[in-house]
Structure formats: C-alpha cells, structure tokens
Amino acid sequence: MPASMSDTASARTSRAQSYRGPQFSLTTFANKDFIVKDFIETLSDSAVPASRKSGPNSKVEFDPKPLIRTFEHALGRLGALSEELEMKENEMAGAVRRAEAAHNAKVDSLGKKLEGAVKSFHHLDSSLNGPVGDGVEGEAGGNVAVRIGERLEELDRQRQRAQDAKFLIQCWMEVSERGDLSSLEDVRRLGGGDGKVRCAHIARQLLRLSHRLDPDTQINGQRTNGVDINGQNGSGKKHNSREIIEKFLEMLEKDLLKQFDDFYRRQNFDGMRECAAALRDFNDGASVMGLFVNQHQFFIDRSQLVTEEVVGDSETWDRLADPDAEPPGVESSLQSLVDEVRIVVQEESFIIKRAFPYPEEVLVRFLQRVFQQSIQARLEMVLEKANDISSLAFLRSLQAARSYIGNLVEDLKAHGLTEHPEPASSQVAATLDQQLEELFVPFHLGSSYIEREKKNLEELYSSLLFKFTVYHSKKRKTSTSYLGSLSQRGRELFASAKDAYIERLGSADIPSSQRSMMMRLAGLKESDSEKEIDVSEEDGQLSLSNAKRMLKWLAEGVGRGLELTSGSETPKDVQALLQLLLQNVGEIYLETALDGAAELAASQENNKNSAPDLSYLYSLRTSIGILHLLQLSISTVLLPLAAPSLTTRREIEKTTNSTITTLETKISNILQKTVDVTLSWTTKLLAGQKKQDFRPRDDDLVSLGAETPTCLAVTRWLDRVATQAGAALTQPALGLFLSEVALGLRSLLLDHFRRFTVSLTGGLVVSKDATKYAELVRNWPTSPASGDSSGKADDSSGKGVGASGSAVGGFEKGGMDVLVEVANLFVIGPEALRERLRGVNPADREGLRSFVRNREDAGTVGVQAVLAGL
C-alpha cells in the first residue's frame, strides 16, 4: 500500500473514532412543535462537511460515510428510546390497571354502604309512618306518638270545658239561689289579667243563660210572673239574676278601665295589654279605646290652642292676598299643630303596639280623633280667617294646608307607625288617605272650588284692566267712525266688566283688605269715584308685563286646581278657566286694543293735509307678543290637561282657534290698512311731480346730479315708515308688511312714469329717481314669498322689460331694478332700444309701447320703427 493511501485511511479511521453522533432524548419528540422533516434535515446538515457547503464550484468529492454514520447512530439511539418508551408505557399501564381495580373496589364498598343507609332510612320511615293495623301493635311508633298527643290534647280540652261548665253552673246556682257571685269575685280578685278575661267571658255566658232560663225577669223593679222587686214569689225566694250579672259586668268594666288607666300613668305596658285584652269583650274594646284616646295628653294640651283665634302677622296676610307675591306657605299655628301631630302619632304608635293586642284598631281610632277634632278645627279657623282677607288668600291657604297635611300623611305612611320600620299597613294607610280627603271635601262639593277660582281671577283681571276699559269706553263714546259703530260686542264687554267691577267694589260682603288690594291693582284711591276716574293715554295702551301677570295668575290657579281637585274634573275646570282667559286677555284686552288701532289706521287714510301718524304700529308689536304668549300658554299648559276628555279638548281647540284667528285677522287688517295708508300718502306725494322735472330746460342742467324733490319726499316718507315698522314689528310680520309696501310702490311708480313725457335729458333724471327708489327698497328686510303671491298684479305694467329678464311681478331683493330698466328706455338711442326690446313676450308689448311713446322723440323715424317692430 502506498504511503499516501495509508495516510488517508488512518485519517478517516481517526475521524470515525472521534465522531460523536447527534444527541437527543424523549423530550425532543415530546415537543408539540416537533416536525419529522426538520429533524431529518438537522441530521443531514450536521453530517455534511463544511467544504460541501462552500458552493457548487467545490472540487471535493462527496463522502457518504458521515451521513451513514449519523443516521446509523440516530437509528440506534431511536431504538434505545423506543425500548425505554415501551418500558415506561408498560409501567404506566400496570399502574392504571391497579388504580382501576382499587377504584372499582372502593365503588363497590361505597355502594354497599349506600344500600345499607337506604335500608336504614326505609326502616326508620316505616317505623314512623308505616301502615296501621287492627291494634296498637300494628301501628308505627311515630303515628302512635302523634295520635296519643292529639288524644291528650282533646282530653285536656274536654276537661277544661267540663271545668268551665261546672264553674258556670256553680256561678248560676249562686246568682239564681243566693243572689251573689262570690266564686266569680274570687277569680276576679285573685286571677290577675287572665282571671279578669275569664270573669268577663263567664259573666257574659251567665247573662245569656239568664235570658234563656229566666226570660220573664225584669230589672226595672216591677213584678213579673209572681216575682216582685225583692225576688219573692209563691214558691220561695228568687233573685233577679240578670240585674246582678249586669251590675257585675259594669263593675268589672269599671274596674278594668281604672286599672288600665293606672297602668297607663305608670307606663306599665304589660298591665295595659292584659286589661285591654279583658276589655275586648266589652263593646269590642270601645270603652278602653275611648279612654285611651280621650285622656291622651295631646288633646288636653291642644284643646286650648285649637280654639285660639288665628292672628298671625299682617305682613304674612298681605303677602297671601297679593297676587304678585309668592305665597308664604301654611299658616304658622296650623303648621305647628301638624308638626306636633307628626311626632305624637309616631311616638304613640309605639306605645299602642305594646299596650294593645289589637293595635291597628286603636291607632285608627286615634288618627280619626286627631284629624277630625284637632286638625279639622284648626283648619276651618285658618280658612275662615283667610276668607276674611280675600278670595286669593283663601285659595292659597287651602292649597298650602292641603299640601302640608298631605306631606304629613305621606310621612306617617312611610314611617309605618305600628309597622315601623316597615311601611304602614293597608288599613292604616287607607284611614290616613280617607281622613285627608274628608278634611277638604266641604270645599269641593259640586263646582264650588272652580267657582272660587273663577271669582278670584275675575276680580284680579277686572282690577288690572279697569283703567284700560274706562279709557277705551270713553274713547268709543266719542268715536264716530264706521268701525266704532260696528264694535257693539266690545262696548258690551266694557260695560259688563266695568259695571261688575264697580258693583263688586261696592258690595258689602267684600273684605276691606280685598277691596284695598283690588283698588291697588286698578290704580285707584279711596277718594276716586265712578264719575271722576282720570285715565291717561298710557292706561289705554297694551302692556306685555300686565299680560304676563294675567297668565301667571291663571297658571297659579291651574296648578292649585291640580292639587286640590280630582283628575276627572280637570278637563271641565280647564275649559272654564280658558273661557275666562280668552274673554279677558283675548277679547277685552287684545281685541279692544286692536280695534282702537284699526280705527286710528282708518282715520289716517283720509288725512289729506299732513303725513299720516303711524304711531299705532308700536302697539302691534305688543299685541303680537301677547298673542304669542296666549297661544303658547294654551297649547303647553291647558290643552294637555284636557287630554283625558276628547270632547272637551276639541271644544277647547275650537274656541281657541276661533279667538286666535279673529285676533290674527285684526292684526292682518291693521297691517293691510297701514299699507293702504302708506301708499295713499305716497300717491299724494307723487302727484306733486312737475311735468318739467322730466323735461328740464337748458338752464336746469346744473341740477341733474340730484333726485327730484318729489323723489326725495317719497323716499323720506317711506324710510320713516320702514323705520317705524322695524321698531314695531318682528319677522315674519315685518318682512310681509314691507314686501306689500314695496310691491305697491313699484306699481305706483310704473304708473307714475307713464304719465310724463320724458326728454333725453329727462331720462337721466328718471334714472336717478329710479335708482334712489331701488336703493331704498333694497335695504328693507322684505319677504320674497310675499311677492310671489301678488306678482301678477303688475302684468300690465311692463312685465318682462329688458333683456335681463327682471320681471315686475314676483318681488325679490332686486325687484325694484325694473324701474331702472324702465328708466333706461328713455335714455338709449333707437338702435340700442331695438336690441333691448328684441324677443319681448307679445303679452308685454303694449306695456312697453306705453313707456316708449312717452319719449320726447317718439315721433322720429327711428323710434317709430322700434314701435312698429313691437
């Protein structure tokens, strides 16, 4: 062998001896992420020489032996691991079999124990509740014990009944033969509370016996069937058993009541309970309950207060009678009484529960006495005093008392009283509710309450509107206008309201404090008389604050009614109050003021000498505000309350809509009349336009830079109208009003320009005026919608003028620009005129022809050619 080959072989042998295969164990294969492919690749990579990994250009020959050795080693290692795994599996399988065997044995043992327990249970159950045989021996032990107990109880009851019967016979023999009840007296003296109860029971049985066995006996001392007053007859001595028994019962009752009172004073609740139980047989305990209630310290201490006169400070009563002041609340003495009742009833209910075996009955009696005697008496005195102050004071006192006493009832029910800390029982709660309702029933009989509310509001409204009605009644007496002759309804309302107010002030049954309050609201003094009432212009004006006061008074009355009346009567009450509101605020106040404004507007239309006075517009702003408040109050306060009655709600809606529509129509008529007045005076101003204004002479050319005096007068007048309207009206009324004025002005100006012959130089003057008019209207907050509805009114005035297509009908922000377009017809030459009028709608040609004919050069060939083309 050559030396090189031997060296190579020795090198391989040394590498084989030094090579150690891959190391792994069972944990390698227990990993959840184990993948066979990755495992094989790992073995292959570890056996490939580094030179094989250097790249494809390597010239080292492939040697498979490392791979073979690696896989042989891995295979051997896997065999060893398989044997190890098999041994572990065998060990674990053996352990499982041993555990299963132990488990089965344990289950068998527990099953046997369970069967034994079930058998023991059945045996015990059968011994207690087994079948009954023909004798005692056939019965189970449990049933025997139960039956023996029942028999013993029955024997004891029979023995007790026999003893009671024996004792009853013994007592009867004593009372019928000897005329005494010594045995029963012994029981009464020595038997304690239970003995007294037994005495009462036996005495009542003796009384029944006397009625059956001795029916002819009388207790009035007269002889009946041979028995005289001393009980003597022909057969021997006989006593009046019934009289003796009744005297004994009366004595026993008095004795028990005295003993109960002694226990009560010493706060011996157990003794009280025994006596109360004994007295239960006497009129169902009425005597002991009456004793407890009548001698209660609360009624003794409060007897003087209940009868004391209601005084209170004058400031509180003044606030109570002032409709603009917040109510001061419940009267102080009534409040003190109710507060004490709250404490006393809560404390006493605890005593009642301990002292009586029937606490609810005693508590009910106590509550009835508290409400019907103490609270009711004081409430009537407080309301009587309030009624002497004013109608409003009475209603407010009634509401405050109802609310405060209602809170007392709710507090007592929540406290629970004898059921404390649980809520009160149904019987006690029902008693409290009943007593609360009975306190206020006298004030709600029939329609008495709502009539009081109406009377109060009528007095307040008539006082507040008195000078207003006087002012307008005087004004209408001197009015000779056509509208004044038609306002018969308004005069009737004035007369009735004024007369009713004067009559009420002079009535003898009205309290002096109420008369003072009414005169204060009316702004009158004691020295004023019916014929010497001075009124000013301000008295006849609408006041938003007064309207708010009237609505506030109504809202207070509605809220008061919701607290004091039942829900079923609410829709009718609301309807009655609505009628009063609509009559006073709607007809007497708003409608009267609007009629006055309408008369002023009508009088201004015929004014020829001076500019119309539009100051009446300021009242429209207040009228619209009051009308909005009226409508809002009805829809948000009154209508929802009438929802339970569909018929009443419909009637309210119908009446309300009728009144609102009437008032809105009057406002609309006033605005329309104002538009007519405005345009009428504008027409008068335009009539002052001089013919030479649009045909100026050469020496007038220096003034062409300014508008004509007529234009300036018209714009000043209309600017004043817009300013007054803006101060008096709000949107959308302002926008509609100014839109109507703008439409009328545009129509007047278009007709105005037709009446004048315009020279070429005068066309510049017309353009200047038209631009001034357009700028004036462009600054107004007009309403585009108004123009759409009346746009057809100016069809004959040149609709469709100009190539720009700005129509005269349909007023928009640029609606006045048509005047500028018309003015241009007088300025441009014939050729430009022909271009401007080309394609005009045939329906508008006549209107355009009228403007073109007013050109001073209308007779020239060029203009005639344009006219011929039209």
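These figures come from a predicted structure and were not determined experimentally.

**Observations concerning the overall build of the protein chain**
Line of reasoning, step 1. Regarding its fold elements, the protein chain presents 33 helices and two strands.
Line of reasoning, step 2. Expressed as a percentage of the 870 residues in the protein chain, the buried residues total 41%.
Line of reasoning, step 3. Only carbon and sulfur atoms are counted for the fraction: they give 52% of the accessible area of the protein chain, which is about 46,500 Å².

**A few points about the packing of helix H25 (residues 646–686) against helix H26 (residues 709–728)**
Line of reasoning, step 1. The interhelical angle for the contact between H25 and H26, taken along N-to-C directions, is 165°, at an axis separation of 9 Å. Put simply, H25 runs roughly antiparallel to H26. Along this stretch, H25 crosses H26, giving a crossing that reads as right-handed. Across from Thr678, Trp681, Thr682, Leu685 and Leu686 in H25, the residues of H26 making contact are Thr710, Ala713, Val714, Trp717, Leu718 and Val721.

**Some words on a nonpolar patch on the surface**
Line of reasoning, step 1. On the surface, Val36, Ile40 and Phe71 cluster together into a nonpolar patch covering about 240 Å² of accessible area.
Line of reasoning, step 2. Along the chain, Phe71 falls in helix H4 (residues 65–129).

**Notes on the side chain of Thr710**
Line of reasoning, step 1. Its location among the elements puts Thr710 in helix H26.
Line of reasoning, step 2. Thr710 sits in the buried class, given a relative accessible area of 7%.
Line of reasoning, step 3. In this view, Thr710 contacts Leu685, Leu686, Gly688, Gln689, Asp693 and Tyr773; residues no more than four positions away in its chain are not counted.

**Concerning unusual backbone geometry**
Line of reasoning, step 1. Between His420 and Pro421 the backbone carries a cis peptide bond, its omega angle lying at 10°.
Line of reasoning, step 2. With an omega dihedral of 5°, the bond running from Gln731 to Pro732 counts as a cis peptide bond.
Line of reasoning, step 3. By the secondary structure assignment, Pro732 is in the loop between H26 and helix H27 (733–754).
Line of reasoning, step 4. Positive phi outside glycine occurs at Gln267, with the angle close to 55°.
Line of reasoning, step 5. Residue position: Gln267 is located in the loop between helix H8 (241–265) and helix H9 (269–279).
Line of reasoning, step 6. With a phi angle near 55°, Leu417 is a residue other than glycine that sits in the positive phi range.
Line of reasoning, step 7. You can see Leu417 is positioned in the loop between helix H15 (391–415) and helix H16 (426–440).
Line of reasoning, step 8. Accessibility expressed as a relative area gives 4% for Leu417, which makes it buried.

**Digging into the pattern of salt bridges**
Line of reasoning, step 1. Tallied over the full model, the rule gives 25 salt bridges.
Line of reasoning, step 2. Of the charged contacts in the structure, one is a salt bridge between Glu361 and Arg280, with a shortest N-O distance of 2.7 Å. In this pair, Glu361 sits in helix H14 (residues 359–389) while Arg280 sits in the loop between H9 and helix H10 (286–294), placing the two residues 81 residues apart along the sequence.
Line of reasoning, step 3. Asp322 is paired through a salt bridge with Arg520; the nearest N and O atoms lie 3.1 Å apart. Of this pair, Asp322 sits in the loop between helix H12 (314–321) and helix H13 (332–355) while Arg520 sits in helix H21 (residues 512–522), and the two are 198 residues apart along the sequence.
Line of reasoning, step 4. What makes Arg520 partly exposed here is its relative accessible area of 45%.

**Overview of helix H33 (residues 861–869)**
Line of reasoning, step 1. Within H33, the full set of buried residues consists of Val863, Val866 and Leu867. Buried residues in H33, looked at end-on, bunch into an arc of 100°, giving them a common side. Facing away from the buried side of H33 by more than 90 degrees, the exposed set consists of Val861, Ala868 and Gly869.
Line of reasoning, step 2. Contacts made by the buried residues of H33 are with helix H31 (830–837) and helix H32 (845–853).

**Quick word on the environment of Lys673**
Line of reasoning, step 1. Looking at where Lys673 falls in the secondary structure, it is placed in helix H25.
Line of reasoning, step 2. According to the relative accessible area criterion, Lys673 is partly exposed, its value standing at 27%.
Line of reasoning, step 3. Taking the C-alpha atoms as reference points, Lys673 and Glu599, 74 residues apart in sequence, are found 9.9 Å from one another.
Line of reasoning, step 4. Apart from residues no more than four positions distant in its own chain, Lys673 is found in contact with Ala601, Ala602 and Glu605.

**Some details on the packing of aromatic side chains**
Line of reasoning, step 1. What the rule picks out here adds up to ten aromatic pairs.
Line of reasoning, step 2. A ring pair is formed by Tyr264 and Phe292, whose centres lie 5.3 Å apart and whose planes are at 55°; its orientation type is tilted. With Tyr264 in helix H8 and Phe292 in helix H10, this pair connects stretches of sequence that are 28 residues apart.
Line of reasoning, step 3. Classification of Tyr264 by relative accessible area gives buried; the value is 14%.
Line of reasoning, step 4. Look at Phe292 and you get buried, because its relative accessible area is 1%.
Line of reasoning, step 5. The rings of Phe260, Tyr264, Phe292, Phe356 and Tyr358 are connected pair by pair, giving a single aromatic cluster.
Line of reasoning, step 6. In this structure, Lys385 is placed above the aromatic ring of Trp317, and the distance from its NZ or CZ to the ring centre is 6.0 Å.
Line of reasoning, step 7. The ring centre of Phe394 lies 3.9 Å from the NZ or CZ of Arg452, which sits over that ring.

Basis of the calculations
- Residues numbered from 1 in each chain as written.
- Predicted model: local features only at pLDDT ≥ 70, side-chain atom pairs only at ≥ 80, totals over all residues.
- Heavy atoms only, no water.
- Helix = DSSP H or I, 4+ residues; strand = E, 2+ residues; numbered from the N terminus.
- Buried < 20%, exposed > 50% of the residue type's maximum accessible area, 1.4 Å probe, protein only.
- Areas by Shrake-Rupley, 256 points an atom, 1.4 Å probe, with all protein chains shown as cover.
- Axes fitted to C-alpha atoms, helices over the stretch in contact; angles between N-to-C directions.
- Parallel < 35°, antiparallel > 145°, perpendicular 65-115°, else oblique.
- Left-handed = near helix turned anticlockwise from the far one by under 90°.
- Contact = heavy atoms within 4.5 Å.
- Patch = residues over 30% accessible without salt bridge, like charges linked within 9 Å, V, L, I, M, F, W, Y side chains within 5 Å.
- Salt bridge = Lys/Arg side-chain N within 4 Å of Asp/Glu carboxyl O.
- Arc of directions from axis to C-beta.
- Phe/Tyr/Trp six-rings, centres within 6.5 Å; stacked < 30°, edge-to-face > 60°.
- Lys NZ or Arg CZ within 6 Å of the ring centre and 35° of its normal.

The analysis is restricted to geometry; functional conclusions fall outside its scope.
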